[in-house]
Amino acid sequence: MTALVLDGVVKRFGDFTAVDDLSFSVPDGGMFGFLGSNGAGKTTSIRMMLDILRPDSGRIEILGRAPSRANAPEVGFLPEERGLYRLMTVTDTVVYFGRLKGMSGADAGRAAARLIERLGLGAWAGTALDKLSKGMSQKVQLATALVNGPRLLILDEPFSGLDPVNQGVLEEIVLEMVKGGATVIFSTHVMQHAERLSDRLLLLARGRKVFEGTQAEARALLPPRLSLTAMADPARLPGVLRAAAVGKPQAGWQQWDVTLAPGQDAGSLLQHCTADGFLLRGFELHRPSLHDVFLHLVGGA
Amino acid sequence: MSRILLVARRDFLQIIATRAFKITLLIVPLMLGLVIFGTTSLRRPPTVAYIVADAGGSIAAVIEHRVDLDYQRAVLRDLSAYADRWKLPPPGDSWSDDAAVERFIAQGAANGALKRMRPPAGATTFKPEAPAYIRVAVPKDVPVDEGAGAFGRAIAPYLANDIQTEQGKRPLAVAVYVPAHGPLRLWTNGRGSNGLIALIQQERSHQLRMTLLAANGVSSAAAQRIESLEAPVAVTAPPEGGGRNQLTVRSIVPLALVYLLLMGALITGGMMLQGVIEERSNRLLEAVLACVEPRELMTGKLIGLGAVGLTIIAVWGGCALLAAVSVNGVVADYLQPSLAALDQPWTIPLLIFYFFCGYLMLGMLYLTIGSLSNSMQDAQAYLMPVTMGVLLPVMLMVNDIIRNPSGWLPEVMSWIPIYTPFAMLVRLGSGVSAAEILGTGLLLLVFVTLEFVLLGRVFRASLLNTGQPPKLGAFLKLMLRRD
């Protein structure tokens, strides 16, 4: 079963096309990274998944149904722009959102108490939110997204504004939910987060999909790069696209920055060097980062 | 509980927890309290004492009788108002006539009249006001037969202090020395009592005129007739119970309702508007909108707003009712007859209908302004024309109806939906035709429904907008856009 399907979705604001013919699907379970630079259309897409905005054309399915508030009991949402009712207490706020998502008062109360403790806010449960620090308020907001124990959790830029400790807490909670069978979709423009957390990812640029797949598939889009230290120029080796000398040779040994041709394997090159007697003193494979892939695909977008 | 009611409950609880709401709630009870305190303390000056040392023995009893006659006249006047209020038989004839007051006294004064009137069980107890003046005997250490000078010196310490009366210690306001011959002398404590002095002067003048007439050969009966002669003046007043009551009711109940509607809607609408702006500026609407439809949010907020308005009206109305049934004085004099206007079975439901339509209509305007504004500063740009557009014509109409209850302005405004609730609230007590009620009511319902649909579209479209508020053209487009 798929947790989310977008099929040919288009959303325009006047003359500006925010989301352009977007199609992708998110399988049930696991973490799905929704990547793109600022203004790529991530938040607009998320708002359409939640029926806050309606697409101009295309089809969206969330947990097998059309987007609507009827899905709220099974969905958790942490928006990018965060804010809460300043005069409400921590507990009242979490319970309120639980009840808006269809929970009974008693269930929402129990779940809220559990989450508040889990997030280290127990001592402030009865405190009004305007008396809490920004970090604490963000934890409360996270609790409002999790209070209903959602099957699908949508996090829009969840790490923005969180200090490293709280980022760790958030990661821990999210990973626990995935272990419990939930699907987590999170948008980010920080590639390190996506790299660390997502199983599959989607890259958006100017409202259009530029990539969808696993991290390995994403990295495979870039030619492998090697650092070699050799006596001779490796450019003549089979499968090498480019070789650029780095620095000056030392005692005849030169360091080279080598780019393999697409589809070429670093292991085959090493095997060839060994068999052919190509002298090597250093052989280091650089795996392309998501950041590199992102820059490669999106460029200046 | 549905999502609409959850939103309504949260908004209601948030507003009633604010200091502004608590202050608003206290305004009317405080004002009523001040009016009650002011009127009771102004209307009930403390009883003061007076002394008449009558060496001639001819005037003391006359002054005392006149003081009592004037006091009983005031009691008869109050008792007539009491009878009017509780629909009882009148306690006597016209209180302006001395003979009628004499008859009232002869028939047992207030107690005798109340026995005849038999007030119903629910009526308040009539308590006559205390007399303004009470006569006390000349103290033993004050000589009355050693001349005015000796009397004046001896009475001076008593004028500076209180004197023992049958009602306890009271200030001695006036001391009169009446010699057997010669001018009457009068000492006061310098604190007013002009009424008593004028009364004494009037009685003394009367006595002198009667003596002069007798000396000129006028018979006692003829002299009495001449003295009691008054120029005839015919005064026409609205008939008891009918016209007079209607006038009071038409002026007080509807106008009070219009003011309540205006104040309630403007105050609570302002609070709600601030709430929506806070939700927008705090960026918390997105999380709420993931769980609640914009229309549910708007409806919930309107219900919350209505509950806040009801609470204010219940407290204000409750205080007014309490003041009407438990306190005598100016407030009760106006409020008690006003309650009688609610005797028609359809009046109360209609009052509620118009009141709530007006409340919803204004509430929706405020909510929409909140959804369009990023700050209170933004909101002011919309608020000013909207508030003035509602307030000024309504104030004009209220002024008009006070000066001319059957004027054309309220009738015309009844058919302009935005003013219908105000105009109909003002006119309901004065006999509006069923056709007009039905017509204006239907028009108002259609208008409120359309407002809900059209402004609902603006509300939905504007909630998550962060740019500048739309101009008029864009606003109209938003109203007409279906999604």
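Right, let's walk through the structure included here. Predicted model only: the values in this text are computed from it and were never measured. (Residues numbered from 1 in each chain as written. Chains lettered and ligands numbered in written order. Predicted model: local features only at pLDDT ≥ 70, side-chain atom pairs only at ≥ 80, totals over all residues.)

## Notes on the overall build of chain A
In terms of regular secondary structure, chain A is built from nine helices and 13 strands. Long-range contacts, defined here as pairs at least 24 residues apart, represent 70% of the contacts in chain A between residues at least 6 apart. (Helix = DSSP H or I, 4+ residues; strand = E, 2+ residues; numbered from the N terminus. Contact = placed C-beta atoms within 7 Å.)

## A short note on helix α3 (residues 60-85) of chain B
Residues and elements named next belong to chain B. Between its first and last C-alpha atoms α3 spans 38 Å; for 26 residues at 1.5 Å apiece the expected length is 38 Å, and the two agree. Taken as a whole, α3 has its buried residues at I63, V67, Y71, Q72, V75, L76, L79, Y82 and A83. Each element contacted by the buried residues of α3 is listed here: β1 (48-54), α4 (98-106), α5 (109-117), β2 (133-135) and α7 (194-215). Immediately beyond the C-terminal end of α3, within one or two residues, lies K87, with a positive phi of roughly 55°. (Expected span 1.5 Å × (residues − 1). Buried ≥ 20, exposed ≤ 12 C-beta atoms within 10 Å, placed from the backbone.)

## Structural notes on the interface of chain A and chain B
In this complex, chain A contributes 19 residues to the contact, which on the side of chain B involves 17 residues. Ranked by residues supplied to the side of chain A that touches chain B, first place goes to helix α2 (residues 90-100) of chain A with four residues. For the side of chain A that touches chain B, a count of residues per class yields eleven nonpolar, two polar and six charged. (Nonpolar A, V, L, I, M, F, W, Y, C, P; charged D, E, K, R; others polar.)

## What to know about the sheet that holds strand β2 (residues 16-27) of chain A
Backbone hydrogen bonds hold the strands of a sheet together, and the pairing may be parallel or antiparallel. Residue and element names in this part refer to chain A. Reading across the sheet, the three strands line up as β2-β1-β4 and stay open at both edges, with antiparallel pairing between neighbours. Looking at strand neighbours, the two that pair on one side only are β2 and β4 (57-62), the edges of this open sheet. Adjacent strand axes in the sheet meet at a mean angle of 15° when their direction is disregarded. With five bridges joining them, strand β1 (residues 2-13) and β4 adopt antiparallel strand pairing. Bridge pairing in β4 links V5 to E61. (Pairing = 2+ DSSP bridges. Axes fitted to C-alpha atoms, helices over the stretch in contact; angles between N-to-C directions.)

## Describing the pairing of strand β3 (residues 162-165) of chain B
Residues and elements named next belong to chain B. Looking at chain direction, β3 and strand β4 (residues 168-178) are connected through four bridges and run antiparallel. Looking at the pairing, T165 lines up with G168 of β4. With antiparallel pairing between neighbouring strands as the criterion, β3 and β4 make up a hairpin whose turn holds two residues.

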